[in-house]
Amino acid sequence: MTRVASVALSASLLLSSVGCGAPPPSDAADTGQSSSPRPAEDGQEATPGRETAHGTVPTMPVPTMPVPTMPVVGEHPEHAMLGVVNDLRARQGLEPLEVAAPVRAAARDVIGRVFTEADVAQEVSIEAVERALQRDGYAPKQLVLAYASFEGEFGELLDVWPRQDPRTFDNFLQASLRDFALARGSAGGVPTYLAVAAVSIDTLHAPQLDVLRDIGAVRREVLRRTNAARAELGLGELTSDAALELAAQQHAEDMARRDYFAHQSPEGDDVLERATGAGYRPRLVAENLASGQMSAAEAVDGWLKSPGHRRNLLDRRAEELGVGLVVERADDGSWTVLWVQVFGAEQ
């Protein structure tokens, strides 16, 4: 997840210190992939390997911020700041942010906990904002916050803040951001404001999640992409097999239900036992696993880039394929996406 925290520049009217940085790359989808080919005829297992690949999506650079439009005097602080931010976004051709209830609740929760009459020195933690969002079922994929303490009217703050610390408002010009909120607290009797902008995993990955809900179409796409990679090397085309599909799906569901990621179940069952139990009579079985990829293309591409998975996928002895997939939403708003490929050739 991309996370940026910023506070306003110290000045005669601003009581907080600066702490602004460029956002780190976001985790497009943390992935864990593992393969373990096992030829059934000799009982030998190829050297298993579990590798983890982390995909990153660099944050788009944003240009230096122009002078924003001044808010209307007396306007509600949240609406006023949102207007300034959206004016800046419009000048960059970006979609406007909208006030979101979960983001507002998280901002209010954090500012209520951190900024109190008795404790004015404690810093806002971006992790605290993330936890507050997750408690409300909002899993942030990108998160930006800024805060400042100011003795004057909020309209004056909006005049001083972006002019003296433009980097703070630059952070709100990330293209993927969608949701916004501003919360007001008190630090030692001085009004203190916490602004939060975010985008949830649900929003960012909505198109991919819609596609993944059609498991039949996803299985066909995995098979098509697998066969396309094999065809480039002149290898035989794989066909879909119901027994291998059952073995793959049952393993994906078991891993999701019992929260593990491995070729062997907690009881020690492996792909050979699972395929045989599903009614397959193998002379060859092999298995690829992946976690976190949001499309068939991403899953197959990841396997092809890993030597162990690529070896399974391009094994000239394989004749059939079964694909398993689980897509589940957790209580904190995060998603579990598990992929299983089971390759085989019957006796």
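Definitions and limits used
Residue positions are counted from 1 within each chain, in the order its sequence is given. This being a predicted model, a pLDDT of at least 70 is required before a residue's local features are given, and a value of 80 or more before pairs of side-chain atoms are given or counted; all residues contribute to the totals for chains, interfaces and linings. Note that the side-chain values use all heavy atoms of the structure and ignore hydrogens as well as water. Labels follow the DSSP assignment, with helices taken as runs of H or I lasting at least four residues and strands as runs of E lasting at least two, numbered in each case from the N terminus. The buried label applies to any residue whose accessible area, calculated with a 1.4 Å probe on protein chains only, is under 20% of its type's maximum; exposed applies above 50%, and partly exposed to all values in between. Contact criterion: two residues are considered in contact whenever any of their non-hydrogen atoms come within 4.5 Å of each other. Residue burial considers only the protein chains on display, and all accessible areas are found by Shrake-Rupley using a 1.4 Å probe. For two strands to pair, DSSP has to find at least two bridges joining them. Here a polar contact means two N or O atoms within 3.5 Å. Within protein one must be a hydrogen donor candidate and the other an acceptor candidate, and residues neighboring in sequence count only if both atoms are side-chain atoms. Between the rings of Phe, Tyr and Trp (Trp by its six-membered ring), a pair exists once the centres lie within 6.5 Å; its type follows the angle of the planes, with under 30 degrees stacked, over 60 edge-to-face, and the other angles tilted. Here a salt bridge means any side-chain nitrogen of Lys or Arg lying within 4 Å of a carboxyl oxygen belonging to Asp or Glu. Interaxial angles span 0 to 180 degrees and are taken between N-to-C directions of axes, which are lines fitted to C-alpha atoms, for helices over the stretch in contact. Oblique is the label for any angle not covered by the other classes, which are roughly parallel (under 35 degrees), roughly antiparallel (over 145) and roughly perpendicular (65 to 115). In this scheme the handedness of a crossing depends on how the near helix is turned from the far one: anticlockwise by less than a right angle means left-handed, clockwise means right-handed. Ten residue types, Ala, Val, Leu, Ile, Met, Phe, Trp, Tyr, Cys and Pro, are classed as nonpolar, four, Asp, Glu, Lys and Arg, as charged, and the remainder, Gly among them, as polar. Confidence of the predictor in every single residue is expressed as pLDDT, which spans 0 to 100.

As a further point, take the overall build of the protein chain. Regarding its fold elements, the protein chain presents 12 helices and 11 strands. Within the protein chain, the proportion of its 347 residues that are buried is 50%. Long-range pairs, those at least 24 residues apart, make up 71% of the contacts in the protein chain with a sequence separation of at least 6. Split by element, the accessible area of the protein chain, about 15,600 Å² in all, is 50% carbon and sulfur.

Before going further, it helps to spend a moment on the pairing of strand β5 (residues 140-149). For β5, a buried count of 10 out of 10 residues is recorded, marking the element as mostly surrounded by other parts of the structure. With nine bridges joining them, β5 and strand β7 (residues 190-200) adopt antiparallel strand pairing. Opposite valine 144, over in β7, you have alanine 197 as the bridge partner.

It is worth spelling out the side chain of threonine 192 at this point. Residue position: threonine 192 is located in strand β7. At 3.1 Å, the side chain of threonine 192 forms a polar contact with the backbone oxygen of valine 190.

Counted according to the given criterion, the structure contains four aromatic pairs. Seen from their ring centres, phenylalanine 172 and phenylalanine 180 are 6.2 Å apart, and the 70 degrees between their planes marks the pair as edge-to-face. With respect to burial, phenylalanine 172 and phenylalanine 180 carry one shared label: buried. Joined through ring pairs, the aromatic side chains of Trp161, Phe169, Phe172 and Phe180 make up one cluster.

Of note in this structure, aspartate 259 is not a glycine but carries a positive phi near 55 degrees. Among the structural elements, aspartate 259 can be located in the loop between α9 (242-258) and α10 (271-277).

What follows covers the pattern of salt bridges. Side-chain pairing between opposite charges can occur once the charged atoms of the two side chains come close. Applying the stated criterion across every chain, the model contains 15 salt bridges. Here glutamate 221 ties to arginine 224 by a salt bridge, and the two come within 2.8 Å at their closest N and O atoms. Pair noted here: glutamate 221 and arginine 224 are both in helix α8 (residues 215-231), with a separation of three residues, about one helical turn. Residue class for glutamate 221 comes out partly exposed when judged on its relative accessible area of 25%. Salt-bridge contacts for glutamate 267 lead to arginine 258; the nearest nitrogen and oxygen are separated by 2.7 Å. Taking the relative accessible area as the measure of exposure, arginine 258 reaches 36% and is therefore partly exposed. Linked by salt bridges that have partners in common, Asp254, Arg257, Arg258 and Glu267 make up one network.

Direction vectors running N to C along helix α1 (residues 77-91) and helix α4 (residues 154-164) enclose 25 degrees, while the axes themselves pass 10 Å from each other. Judged on the interaxial angle alone, α4 and α1 are roughly parallel. For the crossing formed where α1 meets α4, the hand is right-handed. Residues Pro77, Ala80, Met81 and Val84 of α1 pack against Phe154, Leu158 and Trp161 of α4. Grouping the constituent residues of the contact of α1 with α4 by class yields seven nonpolar, no polar and no charged.

Attention now goes to α4. Turning to α4, its buried residues number three or more, namely Phe154, Leu157, Leu158, Val160, Trp161 and Pro162. On its buried face, α4 is in contact with α1, β5, α5 (166-170), β6 (179-187) and β7.

What follows concerns the packing of α8 against helix α11 (residues 296-305). Axis separation between α8 and α11 bottoms out at 9 Å; the angle between their running directions is 35 degrees. Classified by chirality, the crossing of α11 by α8 is right-handed. Of α11, the residues touching α8 (which contributes Val218, Glu221, Val222, Arg225, Thr226 and Ala229) are Ala296, Ala297, Val300, Trp303 and Leu304. Of the residues contributing to the contact of α8 with α11, the split by class is eight nonpolar, one polar and two charged.

Per-residue confidence for the protein chain averages 78 on the pLDDT scale, and 75% of its residues sit at or above 70. Confidence drops under pLDDT 50 across residues 2-74; counting only partners more than four residues distant or on other chains, this segment forms 212 contacts.

On to the environment of leucine 177. Looking at where leucine 177 falls in the secondary structure, it is placed in the loop between α5 and β6. For leucine 177, a relative accessible area of 0% corresponds to the buried category. Taking the C-alpha atoms as reference, leucine 177 lies 9.0 Å from leucine 204; in sequence the two are 27 residues apart. Setting aside residues no more than four positions away along its own chain, leucine 177 makes contact with Arg89, Leu97, Gln142, Val144, Asn171, Phe172, Ala197, Ala198 and Val199.

Mapped onto the secondary structure, serine 125 falls in the loop between α2 (101-114) and α3 (126-135). For the pair formed by serine 125 and leucine 145, sequence separation is 20 residues and the distance between their alpha carbons is 9.4 Å.

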